[in-house]
Amino acid sequence: AQEVYSEDPVLSGYLTFMFVDGGQVGNETKPKYWQAAACCKHYAAYDLETIPVDRYHFSAKVDARNMWETYMPVFDMCVRAANGAHVMCSYNAINGVPTCGDPKLLNGILRDQWKWSGFVVSDYDAWAQIHETHNYCPNMTCAAAVGLNAGMDQEGGG
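Remember, predicted model here, so these are calculated numbers, not experimental data.

Rules used in this analysis
Residues numbered from 1 in each chain as written. Predicted model: local features only at pLDDT ≥ 70, side-chain atom pairs only at ≥ 80, totals over all residues. Heavy atoms only, no water. Helix = DSSP H or I, 4+ residues; strand = E, 2+ residues; numbered from the N terminus. Rg over C-alpha atoms; globule rule 2.2 N^0.38 Å. Buried < 20%, exposed > 50% of the residue type's maximum accessible area, 1.4 Å probe, protein only. Contact = heavy atoms within 4.5 Å. Polar contact = N/O pair within 3.5 Å; in protein donor to acceptor, adjacent residues only side chain to side chain. Core = buried A, V, L, I, M, F, W, Y, C linked by side-chain atoms within 4.5 Å. Pairing = 2+ DSSP bridges. Axes fitted to C-alpha atoms, helices over the stretch in contact; angles between N-to-C directions. Disulfide = S-S within 2.5 Å. 1 Å grid on protein atoms, 1.4 Å probe; cavity = no way out; pocket = protein on both sides within 12 Å on 5 of 7 lines; lining within 4 Å. Points joined across faces, edges and corners; volume = space filled by probe spheres on them.

Engineer: Sorry if this is basic, but what is going on with the overall build of the protein chain here?
Structural biologist: Regarding its fold elements, the protein chain presents 5 helices and 6 strands. Listed N to C, the secondary structure of the protein chain is α-β-β-α-β-β-β-α-β-α-α in terms of helices and strands. Relative to the globule expectation of 15 Å for 158 residues, the C-alpha radius of gyration of the protein chain, 15 Å, shows essentially globular dimensions. With the principal axes as the frame, the protein chain shows a C-alpha extent of 50 × 30 × 25 Å. Split into buried and exposed, the 158 residues of the protein chain put 45% on the buried side. When contacts within the protein chain are restricted to residue pairs at least 6 apart in sequence, long-range pairs at least 24 apart make up 72% of them.

Structure follows, in structure tokens:
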């Protein structure tokens with residue numbers, strides 16, 4: 001696994017909570033201001049750079065049980081328990097749907113199910129990849145609409 005504390009999703013979740021909570025609120029119980037705004041990334045099922053294909057073209061094949069037992073515990077702790085300020089959707093797709101254009105991931109889980117009120121930012125140009133590498137949309141106008149309608153708030157670069 002890359003960019004995680006451990007291969008154990010529960011341990012990684014607790015370590016993530018402590019890192020995010022400590023960075024945002026420090027040792028105050030109910031702080032008036034955050035000290036920093038943590039980004040929970042890379043949402044979700046993202047753990048490769050180039051093998052078997054590059055991350056811009058990769059579509060992770062993940063069933064529901066594996067998604068919730070392996071990939072989601074860390075995000076649950078980062079988003080719900082620690083109230084991370086924002087989430088960065090990843091370059092990859094999951095089961096053929098780019099993460100930055102997946103309404104089930106962004107609006108569905110984050111906002112509707114977890115009642116999270118932060119903002120979603122794409123990884124650098126991941127919004128454009130909805131069209132350019134995943135070929136999920138025929139043009140950039142469609143990709144923009146798909147990202148916005150899915151729940152993305154900001155392009156992270158480009």
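What follows picks up the thread again.
Engineer: Teacher, can you tell me more about the side chain of His-134 here?
Structural biologist: Inspection of the secondary structure assignment puts His-134 in the loop between helix H4 (126–132) and helix H5 (140–150). You can call His-134 buried: its relative accessible area is 18%. A polar side-chain atom of His-134 sits 2.7 Å from the main-chain carbonyl oxygen of Tyr-91. With residues up to four places along the chain from it excluded, the contact list for His-134 reads Tyr-56, His-57, Phe-58, Tyr-91, Asn-92, Ala-93, Pro-98 and Gln-129.

Engineer: Mind showing me how you'd approach the nonpolar core here?
Structural biologist: Within soluble globular proteins, side chains that are nonpolar tend to cluster in buried spots. Counting 37 residues, the largest nonpolar core has Tyr-43, Leu-106, Leu-110, Ile-130 and Met-152 as its most contacted members. Looking at this core, the elements that each hand over two or more residues are strand E1 (39–43), helix H2 (64–81), strand E3 (86–89), helix H3 (104–113), H4 and H5. It is H2 that provides the largest number of residues to this core, a total of 5 residues. Each residue touching Leu-110, except ones within four places of it in the same chain, is listed here: Tyr-43, Val-79, Val-87, Leu-105, Lys-115, Trp-116 and Val-120.

Engineer: So what exactly am I meant to see when it comes to the sheet that holds E3 here?
Structural biologist: Strand pairing in a sheet takes place through backbone hydrogen bonds and is either antiparallel or parallel in direction. In spatial order, the strands read E1-E3-E6; together these 3 strands make up an open sheet with parallel pairing. For this open sheet the edge positions go to E1 and strand E6 (119–122), each flanked by a neighbour on one side alone. Strand after strand, the sheet turns through a mean of 25° between neighbouring axes, direction not considered. Against the sheet, H2 touches E1 and E3, its axis set at about 160° to E1.

Engineer: Just to check I follow, could you spell out the sheet that holds strand E2 (residues 59–60) for this structure?
Structural biologist: The mixed open sheet is built from 3 strands, whose spatial order is E2-E4-E5. This sheet does not close on itself; its edge strands, each paired only once, are E2 and strand E5 (97–98). Both E2 and strand E4 (residues 93–94) contribute to a ladder of 2 bridges, which runs parallel. Within the sheet, the bridge partner assigned to Ala-60 lies in E4 and is Ile-94.

Engineer: How do you make sense of the state of the cysteines when you look at a structure like this?
Structural biologist: Chemically, a disulfide is nothing more than a covalent bond linking the sulfur atoms of two cysteines. In this structure the tally under the stated criterion is 3 disulfides. The disulfide bridge from Cys-137 ends at Cys-142, spanning 2.4 Å between sulfur atoms. Sign of the S-S torsion, about -55° for the bond between Cys-137 and Cys-142, identifies this disulfide as left-handed. On the accessibility criterion, Cys-142 (25% relative accessible area) is partly exposed. Sequential numbering of the bridged cysteines in the protein chain gives the disulfide pattern 1-2, 3-4, 5-6. In this model Cys-39 remains outside any disulfide bridge; the closest cysteine sulfur is found in Cys-40, 6.6 Å from its own.

Engineer: What's the story with the layout of surface pockets in this structure? I'm lost.
Structural biologist: In this approach the atoms are scanned with a rolling probe the size of a water molecule, which exposes any empty space left behind. In this structure, the second largest pocket spans a volume of roughly 270 Å³. Lining of the second largest pocket is provided by Val-62, Asp-63, Ala-64, Met-67, Trp-68, Ile-94, Asn-95, Val-97, Asp-102, Lys-104, Leu-105 and Ile-109. Where the lining of the second largest pocket is concerned, the elements lending two or more residues are H2 and H3.

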